[in-house]
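A look at the structure
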Amino acid sequence: MDISIAAEKLFSLFGFPVTNAFFWTIAVSLTLSLIALFSRSKFQDIPRGFQNIVEAVFESLLALVDSVMKDRVQTARFFPLIATLFLFVLFSNWLGLLPGMGTIGMKADHGGEATLIPFLRSGSADLNTTIALSLIVVFTIQAAGIIALGLRGYAKKFFISPFHKPYVIGTFVGLLELLGEATKILSFSFRLFGNIFAGEVLLTVMLHLVPYVLPLPFLLFEIFVGFIQAFVFAMLTLVFLKMAMLPHEEHAS
Amino acid sequence: MEALHNLGIDGKLLLAQVINFLILLFVLRRFAYRPILAFLESRTARIEQGIKDADLAREKLLEIEKKEQATLVSAQKEARDIITRAEEAAKKRSEAHEKSASEKAKKFLEDARAEIEEEKRKSLSEIQNEVASLIALSTEKVLREKADSEKGPATRFLD
């Protein structure tokens, strides 16, 4: 049993290290794209079978985004990002629960001792993926805030004059908020990575301790966690976007 | 840098993941969200329109039924009115007819009676005249005969 925080390299492609996690994020992307192309051409007025699932997911995500944004235009603008985040993270999380995770792989020589490099690894259990997502999310949040309020209006949220009502406290809180924006990258990426990686480690350990029956409740639990983490990721993005677009409240003096 | 490496963070992979997600976002937006959203919206609009149309049609139908009923009732009433009016008129006319007929008959009768009376009187007076002339004639005749028989049988009778 080998546990590696870093995703293991499967092979190199023109000097690009293809890790197992990267490979499977590409697979998830392709799957989602194919589902998109497939479902689009098959859509009919009266929903049937697969279309029902797509529509149900669509409608509930749309209702979720709308419930936070409370604005049709903003909903339409940010729905693609939120929905893609949710679906991508959800599929990545659940992919890591497939049989063979952490068990099927190839032997590799690692510092003199033979280790197993598993083929299957969830994209969410790789910091590269989660940090990439967080960077996109945080960048989008800043851009949305600046577009909605203007550079000056958005900056007012963080740089507060120490000569008005809450005085130095206000200034301090503003700087903390600025720091908070930066730490969002860390919190987003490590929350997702930590949860999914921990789940995979937990399942691997359980599997090595008691191979039969006992891992099942944990597997169910990880399915739940996978959903919750995807939901949290999308929901936090949504809420932060909404908050970034709200103007700074002038404290009534 | 060592820490980043230990966590498996790799600049190339990170960039690749960013690009991967952006491509996925673009593909889904282009091929899934936009068309499906448009599809759902148009279907919602169509369903709303359909329900509205159905409601409108039902309302109109009710209205038409009510109107029909009202028309029927008013038509019946009118028909009844026309019939009663016609009956009344007919009755009045026949009464008038009867009255005038009886009056005419009466007048006719009276006229006839008057004429008869006249005729009677005329003929009576004529008869009187005739009789008078006859009497006069016969008297003359008798007288003459008597005068003639003064010397004859006639005198016998005068005795």
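Sequence order sets the numbering: in each chain, residues are counted from 1 along the sequence as written. All chains are assigned letters beginning at A, and all ligands numbers beginning at 1, according to the order in which they are written. Side-chain atom pairs in this predicted model are given and counted only at pLDDT of 80 or more, local residue features only at pLDDT of at least 70, and totals for whole chains, interfaces and linings cover all residues. Excluding hydrogens and water, the side-chain figures rest on all heavy atoms present in the structure.

A few points about the pairing of strand β2 (residues 16-19) of chain A
All names here are of chain A. This is how the line gets drawn: Accessible area is worked out with a 1.4 Å probe on protein chains only. A residue is then buried under 20% of its type maximum, exposed over 50%, and partly exposed in between. Helix and strand definitions follow DSSP, with helices as H or I runs of at least four residues and strands as E runs of at least two, each counted in order from the N terminus. Any two strands are treated as partners once DSSP identifies two or more bridges connecting them.
A two-sided burial pattern is seen for β2, the buried positions comprising Phe16 and Val18 on one face and Pro17 and Thr19 on the other. For strand β1 (residues 9-13) and β2, the ladder comprises four bridges, and the chain directions are antiparallel. Residue pairing for β2: Ser12 is matched across the bridge by Pro17. Hairpin connection from β1 to β2: two residues lie between these consecutive antiparallel strands, with Phe14 at a positive phi of about 50 degrees.

Re helix α2 (residues 50-69) of chain A
Residues and elements named next belong to chain A. Filter applied, for reference: Expected span, for any helix, means 1.5 Å times one less than how many residues it has.
When the terminal C-alpha atoms of α2 are compared, their 29 Å separation across 20 residues agrees well with the 28 Å that a helix rising 1.5 Å per residue should span. What α2 keeps buried is the set Gln51, Val54, Glu55, Phe58, Leu61, Leu62, Leu64, Val65, Val68 and Met69. Among the residues trailing α2, Lys70 stands out with phi positive, at a value near 55 degrees.

Some points on the packing of aromatic side chains
All names here are of chain A. The line we're drawing: Aromatic rings from Phe, Tyr and Trp, taking only the six-membered ring of Trp, are treated as a pair when their centres fall within 6.5 Å; an angle between ring planes under 30 degrees marks them as stacked, one over 60 as edge-to-face, and anything in between as tilted.
Scanning the model with the defined rule gives 11 aromatic pairs over all chains in all. Plain terms: the ring middles of Phe190 and Phe193 are 6.5 Å apart, the flat faces sit at 85 degrees to each other, and that makes the pair edge-to-face. Residue Phe190 and its partner Phe193 are both found in helix α5 (residues 167-209); the two are separated by three residues, about one turn of the helix. Since its relative accessible area comes to 33%, Phe190 is described here as partly exposed.

Looking at the side chain of Thr130(A)
All names here are of chain A. Just so we agree on the cut-off: Pairing of N or O atoms within 3.5 Å defines a polar contact, subject to two protein rules: one partner must be a possible hydrogen donor and the other a possible acceptor, and residues neighboring in sequence count only if both atoms are side-chain atoms. What makes two residues a contact is simply this: any of their non-hydrogen atoms within 4.5 Å.
With respect to the helices, strands and loops of the structure, Thr130 is situated in helix α4 (residues 127-155). For Thr130, a relative accessible area of 1% corresponds to the buried category. Of the polar contacts made by the side chain of Thr130, one reaches the backbone oxygen of Ser189; its length is 3.3 Å. If we skip the residues at most four places from it in the chain, Thr130 touches Ser124, Ser189, Leu192 and Phe193.

A word on the nonpolar core
Within soluble globular proteins, side chains that are nonpolar tend to cluster in buried spots. To keep things clear, this is the line we draw: What is meant by a nonpolar core is a set of buried Ala, Val, Leu, Ile, Met, Phe, Trp, Tyr and Cys residues, joined one to another through side-chain atoms within 4.5 Å.
One finds Phe79(A), Leu133(A), Phe233(A), Leu241(A) and Tyr33(B) to be the most contacted residues of the largest nonpolar core, which totals 65 residues. Looking at this core, the elements with two or more residues in it are α1 (20-42), α2, α3 (72-95), α4, α5 and α6 (215-245) of chain A together with α2 (11-148) of chain B. The residues touching Phe233(A), leaving out its near neighbours within four places in the chain, are Leu85(A), Val89(A), Leu133(A), Ser134(A), Val137(A), Phe188(A) and Leu192(A). Within the second largest apolar cluster, five residues are counted, among which are Phe16(A), Val18(A), Phe22(A) and Leu13(B).

Describing unusual backbone geometry
At Lys70(A), a residue that is not glycine, the phi angle is positive and equals roughly 55 degrees. For Lys70(A), a relative accessible area of 67% translates into the label exposed.

Let's talk about the packing of α5(A) against α6(A)
Residues and elements named next belong to chain A. Heads up, the rule is: A fitted line through C-alpha atoms serves as each axis, taken over the contacting stretch for helices, and the angle formed by two N-to-C directions is quoted from 0 to 180°. We call two directions roughly parallel when the angle between them is under 35 degrees, roughly antiparallel when it is over 145, roughly perpendicular when it lies between 65 and 115, and oblique otherwise. Gly is put with the polar residues, along with every residue not named as nonpolar or charged; the nonpolar set is Ala, Val, Leu, Ile, Met, Phe, Trp, Tyr, Cys and Pro, and the charged set is Asp, Glu, Lys and Arg.
The interhelical angle for the contact between α5 and α6, taken along N-to-C directions, is 175 degrees, at an axis separation of 10 Å. Comparing their axes, α6 and α5 come out roughly antiparallel. For the pair α5 and α6, the contacting residues are Lys184, Phe188, Arg191, Leu192, Asn195, Ile196, Gly199, Leu202, Leu203, Met206 and Leu207 in the first and Pro215, Phe218, Leu219, Glu222, Val225, Gly226, Gln229, Val232, Phe233, Leu236, Thr237 and Phe240 in the second. A class-by-class count of the residues in the contact of α5 with α6 yields 15 nonpolar, five polar and three charged.

A closer look at a nonpolar patch on the surface
Residues and elements named next belong to chain A. Rules: What goes into a patch is any residue over 30% in relative accessible area without a salt bridge, connected to like charges within 9 Å or, for nonpolar side chains (Val, Leu, Ile, Met, Phe, Trp, Tyr), within 5 Å. Note on areas: Shrake-Rupley with a 1.4 Å probe; residue coverage comes only from the protein chains shown. Within this document, salt bridges are pairs made up of a side-chain nitrogen of Lys or Arg and a carboxyl oxygen of Asp or Glu, the two lying within 4 Å of each other.
Together, Trp94, Leu220, Ile223, Phe227 and Phe231 make up a nonpolar patch on the protein surface, roughly 440 Å² of accessible area in all. You can see Ile223 is positioned in helix α6. Owing to a relative accessible area of 35%, Ile223 belongs among the partly exposed residues under this scheme.

Here's the deal with the interface of chain A and chain B
The test is simple: Put simply, buried area is the surface a 1.4 Å probe can reach on two separate parts but cannot reach once they are joined, added for both.
Tallying the contact residues gives 45 residues for chain A and 30 residues for chain B. Buried surface at the junction of chain A and chain B, both sides included, amounts to about 3400 Å², of which 74% is carbon and sulfur. Considering only the side of chain A, the residues that lose the most area to chain B are Asp45(A), Phe58(A) and Asn128(A), jointly responsible for 19% of the buried surface there. Linking chain A with chain B are two salt bridges.

Brief notes about the environment of Ser138(B)
All names here are of chain B. Within the fold, Ser138 resides in helix α2. By relative accessible area, Ser138 is classed as partly exposed at 35%. Among the polar contacts listed, one links the side chain of Ser138 to the backbone oxygen of Ile135, at a separation of 2.9 Å.

A few points about a negative patch on the surface
Here is the rule we go by: We score Asp and Glu as negative and Lys and Arg as positive, and we do not count His or the chain ends. Where a charge lies is defined by one atom per residue type, namely NZ (Lys), CZ (Arg), CG (Asp) and CD (Glu).
Taken together, the side chains of Glu110(B), Asp111(B), Glu115(B), Glu119(B), Glu126(B) and Glu130(B) define an acidic patch exposed on the protein surface. In this fold, Glu126(B) is placed in helix α2.

Here we look at the side chain of Arg121(A)
Residue and element names in this part refer to chain A. The residue Arg121 is located in the loop between β4 (113-118) and α4 in this model. Polar side-chain contacts of Arg121 include one of 2.7 Å to the backbone oxygen of Ala125. Residues within four places of Arg121 in sequence aside, it is in contact with Ser4, Ile5, Ala6, Ala7, Glu8, Asn20, Ala21, Trp24, Leu95, Phe197 and Glu200.

Some points on the packing of α3(A) against α4(A)
Residues and elements named next belong to chain A. Operational definition: Take the far helix as your reference; a near helix turned counterclockwise from it by less than a right angle gives a left-handed crossing, and one turned clockwise gives a right-handed crossing.
Running from N to C, α3 and α4 point in directions that differ by 165 degrees, and their axes come no closer than 12 Å. On the basis of the axis angle, α3 is roughly antiparallel to α4. In the packing of α3 onto α4, the handedness of the crossing is left-handed. In contact with Phe78, Leu81, Leu85, Phe88 and Val89 of α3, α4 contributes Thr129, Leu133, Val137, Thr140 and Ala144.

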